[in-house]
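Okay, here's what each chain looks like letter by letter:
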Amino acid sequence: MASSIGTAASSRIIPSSSSSSAARARLSLRSSSSPSLLSFSSSLKSLAFSPLSSHFSPHQKRSAINVSSSGGRFGFSTVASPKCAASDPDQLKSAREDIKELLKSTFCHPILVRLGWHDAGTYNKNIEEWPLRGGGNGSLRFEVELNHAANAGLVNALKLIQPVKDKHPGVTYADLFQLASATAIEEAGGPRIPMKYGRVDVAGPNECPEEGRLPDAGPPSPTDHLRDVFYRMGLDDKEIVALSGAHTLGRSRPERSGWGKPETKYTKDGPGAPGGQSWTVQWLKFDNSYFKDIKGKRDEDLLVLPTDAVLFEDPSFKVYAEKYAEDQEAFFKDYAEAHAKLSNLGAKFDPPEGIVLDDAPKQAAPEKFVAAKYSTGKRELSDTMKQKIRAEYEAIGGSPDKPLPTNYFLNIMIIIGVLALLTSLLGN
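Residues numbered from 1 in each chain as written. Predicted model: local features only at pLDDT ≥ 70, side-chain atom pairs only at ≥ 80, totals over all residues. Heavy atoms only, no water.

1. Things to note about the pattern of salt bridges
Applying the stated rule across the entire model yields 15 salt bridges. When the shortest N-O distance is used, the salt bridge between Arg 192 and Glu 186 registers 3.8 Å. Judged by its relative accessible area of 21%, Glu 186 is partly exposed. Arg 227 is paired through a salt bridge with Asp 314; the nearest N and O atoms lie 2.7 Å apart. Residue Arg 227 is found in helix H7 (residues 222-232), and its partner Asp 314 is found in the loop between helix H11 (306-309) and helix H12 (315-326); the two are separated by 87 residues along the sequence. Taking the relative accessible area as the measure of exposure, Arg 227 reaches 16% and is therefore buried. Salt bridges linked by common partners bring Lys 261, Lys 265, Asp 299 and Asp 301 together as one network. (Salt bridge = Lys/Arg side-chain N within 4 Å of Asp/Glu carboxyl O. Buried < 20%, exposed > 50% of the residue type's maximum accessible area, 1.4 Å probe, protein only. Helix = DSSP H or I, 4+ residues; strand = E, 2+ residues; numbered from the N terminus.)

Dropping the structure here:
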């Protein structure tokens, strides 16, 4: 744990597939691939996970992780990141395109969502000091945190994303994890996440949070446990339920988490390596079927964890769960806001306001009306001006297929007549 900012530290990653990690199923996305890292290169397409295990300045070159196999263990050479180094916007955009290609070839949407969530989900709102407060700071790249039971299998996600990091050294790990998570949601058919970037990386493993900040899948009191964990992050009941909806993605494998069936009719043929139990039928499509399926309770091949079931049992949770089961648009809206909030928890941004990758086309400024332009000659009105005139016409009761009310013209004629009469009288 003694890596410092000026030196390179060598640490070893051990796959977290021990019985102790299996005993503590976590609210995070579980891997569907084999736990053996030696088979990683031949089984990329098996990396389909669920998003919550149980529920769940000049730009400098950032820290790099070099992976090499040795006797079933992998050595990660870690160079500490410089403090206060923002990501490069152009590299962020390029990295996003590479992540999209990665998703198309490996079906790894769920594990990338989990990667971002678990880096940010260690946040404690009661601690002000960075990085002690946890949150999105890239600490999950270090062995000490990867070995937490809740993070079992996430070394595979790190290996998937490392080539993108190598290609884009001007992007911090903290940003890359959150970029991958948001992109995975969007590419699976989910809502556009209003993200911002510029997160600063922690320097070394000594700045990783202690184990135990992430939620469990089957605690004695699921409702209280969810609130204890998510309230600590500053999230409320609506956000807890909305984020739980990310279980529409991924599968749970009993050999890793201790939860789920080895195989179901929905997972026996993949995509990726077959097996595991999913929460939904189409477990690589982001929609509101998670809430519909829990409410319906009709399919024994679909997984429902204790922390899933309480969403329709607790009165406060149930209000939102029922709403999302009926209204996917409302779910998407609330989910996008909650995901963005979670991704920002505990992060230190440089610049402080963050970096927004705004790809939406900008609307042209409305044309300013100048009466003189249209008072003489035969100049054709612009489309904008036509729309403005039409809007004013409709505001007083007119429409393309409906003339103005007769009394409107009658009133005008009366006024003209009165004015003419007054003019005549004054003239006399």
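After that view, the rundown keeps rolling.
2. A closer look at a nonpolar patch on the surface
There is a patch of nonpolar side chains on the surface, built from Leu 410, Ile 414, Ile 415, Val 418, Leu 419, Leu 421, Leu 422 and Leu 425 and spanning about 760 Å² of accessible area. On the secondary structure map, Leu 410 appears in helix H15 (residues 406-427). (Patch = residues over 30% accessible without salt bridge, like charges linked within 9 Å, V, L, I, M, F, W, Y side chains within 5 Å. Areas by Shrake-Rupley, 256 points an atom, 1.4 Å probe, with all protein chains shown as cover.)

3. Regarding the packing of helix H2 (residues 89-106) against helix H5 (residues 154-167)
Across the interface, H2 lies against H5 with an axial gap of 10 Å and an inter-helix angle of 155°. In this view, H2 runs roughly antiparallel relative to H5, as classed from their interaxial angle. By crossing handedness, the relation of H2 to H5 is classed as right-handed. Counting all contacts with H2, which are made through Ala 95, Asp 98, Ile 99, Leu 102 and Thr 106, the residues of H5 involved are Leu 160, Ile 161, Val 164 and Lys 167. (Axes fitted to C-alpha atoms, helices over the stretch in contact; angles between N-to-C directions. Parallel < 35°, antiparallel > 145°, perpendicular 65-115°, else oblique. Left-handed = near helix turned anticlockwise from the far one by under 90°. Contact = heavy atoms within 4.5 Å.)

4. Here's the deal with the environment of Asp 301
By the element assignment, Asp 301 lies in the loop between helix H10 (289-296) and H11. Asp 301 gets classed as buried once you look at its relative accessible area, which sits at 16%. A C-alpha to C-alpha distance of 7.8 Å links Asp 301 and Ser 278, two positions 23 residues apart in sequence. Ignoring any residue separated from it by four or fewer positions in sequence, one finds Asp 301 in contact with Lys 261, Thr 264, Lys 265, Tyr 266, Gln 277 and Ser 278. A polar contact is formed between the side chain of Asp 301 and the side chain of Lys 261, at a distance of 3.3 Å. (Polar contact = N/O pair within 3.5 Å; in protein donor to acceptor, adjacent residues only side chain to side chain.)

5. Brief notes about unusual backbone geometry
With an omega of 5°, the peptide bond between Trp 130 and Pro 131 qualifies as cis. With omega at 5°, the peptide bond leading from Gly 270 into Pro 271 counts as cis. As for its position among the elements, Pro 271 is in the loop between helix H9 (254-257) and strand S7 (277-278). The phi angle at Phe 107 is positive, at roughly 55°, despite the residue not being glycine. Relative to the assigned elements, Phe 107 resides in the loop between H2 and helix H3 (109-120). With relative accessibility at 25%, the residue Phe 107 sits in the partly exposed group.

6. A word on helix H8 (residues 237-244)
Counting buried positions along H8 yields seven of eight residues, so the element is predominantly enclosed. Of all the positions in H8, only Asp 237, Glu 239, Ile 240, Val 241, Ala 242, Leu 243 and Ser 244 are classed as buried. Two or three places before Lys 238, at the start of H8, stands the capping residue Asp 236, its side-chain oxygen 3.3 Å from that residue's backbone nitrogen.

7. Considering empty space enclosed by the protein
Over the atoms a probe the size of a water molecule is rolled, and this reveals where empty space is left. Quantified by volume, the largest cavity comes out at close to 60 Å³. Looking at the largest cavity, it is lined by 10 residues, and the ones nearest its centre are His 148, Glu 211, Gly 212, Arg 213 and Leu 214. (1 Å grid on protein atoms, 1.4 Å probe; cavity = no way out; pocket = protein on both sides within 12 Å on 5 of 7 lines; lining within 4 Å. Points joined across faces, edges and corners; volume = space filled by probe spheres on them.)

8. Some thoughts on the side chain of Arg 253
Structurally, Arg 253 can be placed in the loop between strand S6 (251-252) and H9. Of the polar contacts made by the side chain of Arg 253, one reaches the backbone oxygen of Pro 274; its length is 3.0 Å.

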